[in-house]
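Each chain is listed here by its residues.
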Amino acid sequence: MHYKIKIWLISLCFLSPLTPYAFEINDGHIHYNQDVWPMLSPEQAINYLAENNIQRAIVSSTPTEGTEKLYKLAPGRVIPFLRPYRNIRDQFTFHSDPTILNHLKQKIDLGIYAGIGEFHLFEKHKDTVVIQEIMQLAADYKLAISAHSDYATILTLVNLQPNVRVIWAHCGMDHPIEDITQALKEYPNLFCELSFRYNMFDDDEQLRPDWKKLLEENPTRFILGMDTYIPRRWAALPEHVEFANGWLEQLSQNTRQKIARENINNWF
Ligand SMILES: [Zn+2]
């Protein structure tokens, strides 16, 4: 398909009328990456979040100027997180690249950022000096961390700086619930964002009993996330919000309110 037509079709998806949903939510995982800019202007992105009942969102972008554009327009709606990625390539090397630290310091000096992340870090690279320095920066500037990581790596991060709030993006994806339960008990600075955590549900989109119990027993430790990491996820945002509404409804009112909205409001 011709590129321009494709963009136009995707734009139509973005602009189609939206059904109002039951809950106002705060989102813990929005990206406004460069590949979506031609299809969705900053104004459209902000309006689109509002139309989908997303009151506030943790936003991070590659490059981070995407986040700054949204923040400038709607500082009350955007909670800026700083990615250690100046470009897409940095995603694979940042953990061992000391020049990333200068990039982070310069951007932190703007005074708008509430956290560092989302970054992708796995066991092989979890013990580098650069990672230790990034965690130290988070502690020094009282910034949260958002990490897409395996279990061993997330434990390293929460141990490195026990006073830094570490948000585990995707809550380990499909990592066993037993370990997550244990880690939440052991590390009060660990928190979970729930995008792509699909095995919380059975085939009828009902929360599995063990997950329902974990959420009800730890309502202050979980947040929602839509993870708009590619244009298609932006286009499908209404469906993702609707899906979240469906499972939030299965929780008690107190737990639902905390996960849907209050936790993020309390933190930032
Ligand atoms: Zn992400």
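Undergrad: Looking at this model, I keep getting lost on the overall build of the protein. Mind explaining?
TA: The number of helices and strands found in the protein is 11 helices and eight strands. A globule of 268 residues ought to have a C-alpha radius of gyration of about 18 Å, and the protein, at 18 Å, matches this closely. When its C-alpha atoms are laid out on the principal axes, the protein stretches across 50 × 45 × 35 Å. A burial count over the protein gives 56% of its 268 residues as buried. Long-range pairs, those at least 24 residues apart, make up 72% of the contacts in the protein with a sequence separation of at least 6. Each charge sign in the protein was given a centre, from 26 positive and 33 negative side chains, and these centres are 4 Å apart.

Undergrad: Explain the pairing of strand β7 (residues 190-193) here, please?
TA: In summary, the side chains of a regular strand alternate between the two faces of the sheet. Side-chain alternation along β7 places Leu 190 and Cys 192 on one buried face and Phe 191 and Glu 193 on a second face that is also buried. Sheet topology note: the strand β6 (residues 166-168)/β7 ladder contains three bridges and is parallel. Across the sheet, Trp 168 pairs through a bridge with Cys 192, a residue of β7. By the bridge criterion, two bridges tie β7 to strand β8 (residues 222-223) in an arrangement that is parallel. By the bridge assignment, Glu 193 is partnered in β8 with Ile 223. Of the crossover connections in this fold, the one passing from β7 over helix α8 (residues 209-217) to the parallel β8 is right-handed.

Undergrad: I keep staring at the packing of aromatic side chains and nothing clicks. Help me out?
TA: Ring pairs (aromatic) are described by centroid distance and by the angle formed between their planes. According to the stated counting rule, one finds 15 aromatic pairs in the structure shown. Their ring planes at 65° and their centres at 6.0 Å tell us that Phe 196 and Tyr 229 sit as a pair that is edge-to-face. Taken as a pair, Phe 196 in the loop between β7 and α8 and Tyr 229 in the loop between β8 and α9 (231-235) lie far apart in primary sequence, 33 residues in all. Ring centres 6.4 Å apart and planes at 70° place the aromatic pair Trp 211 and Phe 222 in the edge-to-face group. Placement of Trp 211 in helix α8 and of Phe 222 in strand β8 is noted, with a sequence separation of 11 residues between them. Members of the aromatic cluster, joined through ring pairs, are Phe 196, Tyr 198, Phe 201, Tyr 229, Phe 243 and Trp 247.

Undergrad: Looking at this structure, how should I read the coordination of the zinc ion?
TA: Tetrahedral coordination by four donors sets the ideal angle at the metal to 109.5 degrees; octahedral coordination by six donors sets it to 90 or 180 degrees. The zinc ion binds to the protein through His 29 (NE2), His 31 (NE2) and Glu 118 (OE), with metal-donor distances spanning 1.9 to 2.1 Å. Coordination of the zinc ion draws on donor residues from a single chain, spaced H-x1-H-x86-E in sequence. Of this pair, His 29 sits in strand β1 (residues 25-31) while Glu 118 sits in strand β4 (residues 115-121); the two residues are 89 residues apart in sequence, bridging distant segments of the chain. For the pair His 29 and Glu 118, one class covers both residues: buried.

Parameters at a glance
- Residues numbered from 1 in each chain as written.
- Predicted model: local features only at pLDDT ≥ 70, side-chain atom pairs only at ≥ 80, totals over all residues.
- Heavy atoms only, no water.
- Helix = DSSP H or I, 4+ residues; strand = E, 2+ residues; numbered from the N terminus.
- Rg over C-alpha atoms; globule rule 2.2 N^0.38 Å.
- Buried < 20%, exposed > 50% of the residue type's maximum accessible area, 1.4 Å probe, protein only.
- Contact = heavy atoms within 4.5 Å.
- Lys, Arg positive; Asp, Glu negative; His and termini not counted.
- Charge placed at Lys NZ, Arg CZ, Asp CG, Glu CD.
- Pairing = 2+ DSSP bridges.
- Right-handed = clockwise from strand over helix to strand, strands pointing away.
- Phe/Tyr/Trp six-rings, centres within 6.5 Å; stacked < 30°, edge-to-face > 60°.
- Donors = N, O, S within 2.8 Å, 3.2 Å for Na, K, Ca; no water.

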